[in-house]
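Single-letter residue listing:
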Amino acid sequence: MNRRAAAFILGLALALLAGGALWWWLQGRDSGGPESGPAGSAAKPAPVSFELWVPDGIGLHVERRELQVTSVPKDRIRRITETLLTPRPDGVRLFPEGVALAGVQLSKDGTAYVNLVWEGHEDPPPSGSTEELQRVYSLVNSITTNVPEARQVTLLWNGLQRPTFAGHLDTSRPLTPMAALRTR
Amino acid sequence: MKDRRFLGFLALVSLLLPVLVAAQAQRAQLPAPPPPAAAAPRQPIALIDGAELPVPVTLGPTGPLFGLAALVNNLGGTLEADEAGESFTLTIEGKDVVIGVGSAIVTVGDNIVSLSQPPTRGEGTLLVPLDFLQKTYGDLAGFAFEWRPGVQQLVISRRAAREIPVFLDVVHLQGMTTVVLQFPEAPRYQVLRQPGQVDVQMMGDRLAPPPAPPVATDPLVQGVTIAPEQVRIQLAPGAQASSYVLENPFRIVFDVHLPSQAPAPVAPGPAAPQQAPGVRTIVLDPGHGGTETGAIGPSGIQEKELTLTLARELEARLESQLGVRVVLTRNEDANLPHDARTAIANQNKADLFISIHLNSSLGAGAHGAETYFLSAEASDAAAERMAEAENAAGGALPEGTAGLEAQDLELILWDLAQTHHLLESQRFAAMIQGELNQTLQLRDRGVKQARFRVLNGAAMPAVLVELGFISNPDEEKKLQDGAYRTELIASLTRAIGRYKALVENRPEPPQVSQPVQPAQPSPGATGTTRPPQPRSPGRR
């Protein structure tokens, strides 16, 4: 091996080394570890202002709330739902204590699947139609208003889709937002 | 010489270094492998047709988990991750399976499937449980999966051909013929369309034809032949067929029509005797019942009890005052599916359907009555699905991808039934609301529209009336007072009387007075469709 050839190989190797190091650095920057959740900048929570549809005496009104979320749509749906499930300052709860979010799924066609569970209860809480509309559309309207990737919502109860949620509203198909419930 | 050797060595090391760096980086991306299962007798393996597959197998908390990517490589299909790596889309035989890491619910096409344990990351790949494989590769591609825990083996085989019975219904209704092929379990099949005929070709499975040969003397379907390999539907000249799938039980439904008649159903044939417009039969539906209590008031009164009381009182008043026939959907405290309630109305050829409810609200202060009719959104959705089915008639879309939301749907016609009566339903709702406002001086919550299931299949003007909030202590108390209820009943009776007079004094039949009766096949029908049947109709 003459000196020129060795120098060429060395140069090539150094270029590869530099390229490899750059790739490694970019990879580490984008992906994070498996425990750190979704990727890179998308996984970094930041404060975002959301319009949440919350129940009042006769329907739903819109409140602005700032939530720490990533840019991942499923994460946003999860955060919005969890926020709506927590009791409001005026004491009104969207669902009884113990109702929790078990999972969120977002399909390619823009359907968000929101799975609620209530340990020890096979059925959702019994209610009249207005209460049922408030419960269901608080979630549907808030999700579809704030997460453009979700244009409709399928509500699951204990992992199952129900013909109606509490005896009135047809929940056998995905729900699109119902603006008529807005009171102010 | 020494310099040259040193340079060569340096070059070699430099060449190897990026490789080592890349390998380290790749390893950093992968999660730590799960701890080995305690007392696993041997390394788990996967076998297909006796040959060992390089499929990572891990023992999860409730059973084994299998590396999906390796299975996709061996069994076919594609697997794509979303940009965040949080969800994956597996495509098998043209159907998308959406998987969320950590979620025990996946979507398979339009269906939602619950898994025994959630898919997870591990072994450098996505790991899925056994039932995931059975519900995806098993159902969609005909593979059988068996986990043998004793020997820690996943045995994969191509499922043997099944012999599946098929049942045939052919019904001609409103200018359209519906052919229904019903199976006790979903076969593997494809639909092939050719001019003048449609074939349902089995893929691996075989059909057990019905004992009696099907007869199909129909204006649009010349014949249906069932052989072990296929069902052939022979169409009349010019007829077109669109198809969709219904679940529970599994059915492939073909709507056959002439292009000029699609998609709107035409008026019934001349054989059907025309009755003068009127309100002769009214079906009252006391909301909820049985284990479904409906709203519960502060004193513990349940909506289902009060709605039955109100319905019985209204029944007596309507029969005595308006001379109409009244049918209650339930006359006892019993569960009754929503579709069965409208089925009772359709079977009784009711002229009006009134579902009686009492309301509740989150938050304080809600009071008053409101009257609902079906939302345009709900009826639009049914029409959209009909249109999608029509669009699929050309065969451009593969079976099952017409966008139909088949879950819990009985028939598209069933869903469309109320669509033809929305205008009259709105008119009737306005009359009820007007009377309630005027007589009782209740807060006017107005006429509203919502996607209420109980109004969906009604083939006549149909409303759901909320006669007050039992979540409001004052209204709850009033609703338990007989005198107050009498006033409510009187105002409802007046509204029904006004509507009855309106219909009977019209110079012409109303714009949408031809009820589509999905439960009633026309004369000459060669079979019957099966709309929802009531389980325990409490009729008087």
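Anything mentioned here points back to the structure above.
Residues numbered from 1 in each chain as written. Chains lettered and ligands numbered in written order. Predicted model: local features only at pLDDT ≥ 70, side-chain atom pairs only at ≥ 80, totals over all residues. Heavy atoms only, no water.

Bringing the sheet that holds strand 18 (residues 197-202) of chain B into the picture now. Pairing between sheet strands relies on hydrogen bonds along the backbone, with the strands arranged either parallel or antiparallel. Residues and elements named next belong to chain B. Strand order in the open sheet formed by four strands is 17-18-21-20, and the pairing between neighbours is antiparallel. In this open sheet, the two edge strands, each paired with only one partner strand, are strand 17 (189-194) and strand 20 (221-226). The mean angle between the axes of side-by-side strands here comes to 10 degrees, regardless of whether they run parallel or antiparallel. Where strand 17 meets strand 18, six bridges bridge the pair, whose relative direction is antiparallel. Its bridge partner being in strand 18, Tyr189 is matched across the sheet by Met202. (Pairing = 2+ DSSP bridges. Helix = DSSP H or I, 4+ residues; strand = E, 2+ residues; numbered from the N terminus. Axes fitted to C-alpha atoms, helices over the stretch in contact; angles between N-to-C directions.)

Residue and element names in this part refer to chain A. Together, Phe8, Leu12 and Leu16 give the surface a local cluster of nonpolar side chains, amounting to about 320 Å² of exposed area. Its location among the elements puts Leu12 in helix 1 (residues 3-31). Look at Leu12 and you get partly exposed, because its relative accessible area is 43%. (Patch = residues over 30% accessible without salt bridge, like charges linked within 9 Å, V, L, I, M, F, W, Y side chains within 5 Å. Areas by Shrake-Rupley, 256 points an atom, 1.4 Å probe, with all protein chains shown as cover. Salt bridge = Lys/Arg side-chain N within 4 Å of Asp/Glu carboxyl O. Buried < 20%, exposed > 50% of the residue type's maximum accessible area, 1.4 Å probe, protein only.)

Here the focus is helix 3 (residues 130-141) of chain B. The periodicity of an α-helix, 3.6 residues per turn, causes residues three or four positions apart to be oriented the same way. Summarising burial for helix 3 of chain B: nine of the twelve residues are buried, a large majority. Every buried residue belonging to helix 3 of chain B is among Leu130, Asp131, Phe132, Leu133, Thr136, Tyr137, Gly138, Leu140 and Ala141 of chain B, and all of these are buried.

What follows deals with the pattern of salt bridges. Within this structure, the stated rule accounts for 22 salt bridges over all chains. A salt bridge links Asp339 of chain B to Arg453 of chain B; its shortest N-O distance comes to 3.0 Å. Here the residue Asp339 of chain B occupies a position in helix 5 (residues 338-347), and Arg453 of chain B occupies one in helix 9 (residues 453-456), the gap between them amounting to 114 residues. Comparing Asp339 of chain B with Arg453 of chain B shows no difference in burial state: the two are buried. Because the salt bridges share partners, they merge into one network encompassing Asp170 and Arg173 of chain A together with Asp339 and Arg453 of chain B.

As summarised here, the arrangement of the six strands in space is 25-24-26-29-27-28 (chain B), forming an open sheet in which the pairing is mixed. Taken across any chain shown, the strands that pair with only one partner, and hence form the sheet edges, are strand 25 (325-328) and strand 28 (444-450) of chain B. Strand-to-strand twist in this sheet, taken as the mean axis angle between neighbours without regard to direction, amounts to 25 degrees. One ladder, built from four bridges, connects strand 24 (residues 281-286) of chain B with strand 25 of chain B; its direction is parallel. What sits directly across from Leu284 of chain B, in strand 25 of chain B, is Leu328 of chain B. Together, strand 26 (352-359), strand 27 (369-374), strand 28 and strand 29 (462-469) of chain B form the strand contacts of helix 4 (residues 129-146) of chain A, whose direction differs from that of strand 27 of chain B by roughly 60 degrees. (Contact = heavy atoms within 4.5 Å.)

Turning our attention to the packing of helix 2 (residues 68-75) of chain B against helix 3 of chain B. All names here are of chain B. Two numbers describe how helix 2 lies on helix 3: the axes approach to 13 Å, and their chain directions differ by 25 degrees. Here helix 2 is positioned roughly parallel relative to helix 3, judged by the angle of their axes. In this structure, helix 2 crosses over helix 3, and the sense of that crossing is right-handed. Residues Leu68, Leu71, Val72 and Leu75 of helix 2 lie in contact with helix 3, whose contacting residues are Phe132, Leu133 and Tyr137. Classifying every residue of the contact of helix 2 with helix 3 by side-chain character gives seven nonpolar, no polar and no charged. (Parallel < 35°, antiparallel > 145°, perpendicular 65-115°, else oblique. Left-handed = near helix turned anticlockwise from the far one by under 90°. Nonpolar A, V, L, I, M, F, W, Y, C, P; charged D, E, K, R; others polar.)

The next subject is the packing of aromatic side chains. Taken as a whole and judged by the stated rule, the model has nine aromatic pairs over all chains. Note on Trp118 of chain A and Trp157 of chain A: the rings are 6.2 Å apart at their centroids and 85 degrees apart in plane angle, and the pair reads as edge-to-face. A residue pair is termed long-range when its members are at least 10 positions apart, and Trp118 of chain A in strand 4 (residues 111-118) and Trp157 of chain A in strand 5 (residues 152-157) qualify at 39 residues. Each member of the pair Trp118 of chain A and Trp157 of chain A is classed as buried. With 4.7 Å between their ring centres and 65 degrees between their planes, Tyr372 of chain B and Phe452 of chain B make a pair best called edge-to-face. With Tyr372 of chain B in strand 27 and Phe452 of chain B in the loop between strand 28 and helix 9, this pair connects stretches of sequence that are 80 residues apart. Taking relative accessible area as the criterion, Tyr372 of chain B reaches 2% and is therefore assigned buried. Using a relative accessible area of 1% as the deciding quantity, one classes Phe452 of chain B as buried. One aromatic cluster in this structure is built from Phe95, Trp118, Trp157 and Phe165 of chain A. Geometry around Trp53 of chain A places Arg182 of chain A over its ring, the cationic atom sitting 5.7 Å from the centre. (Phe/Tyr/Trp six-rings, centres within 6.5 Å; stacked < 30°, edge-to-face > 60°. Lys NZ or Arg CZ within 6 Å of the ring centre and 35° of its normal.)

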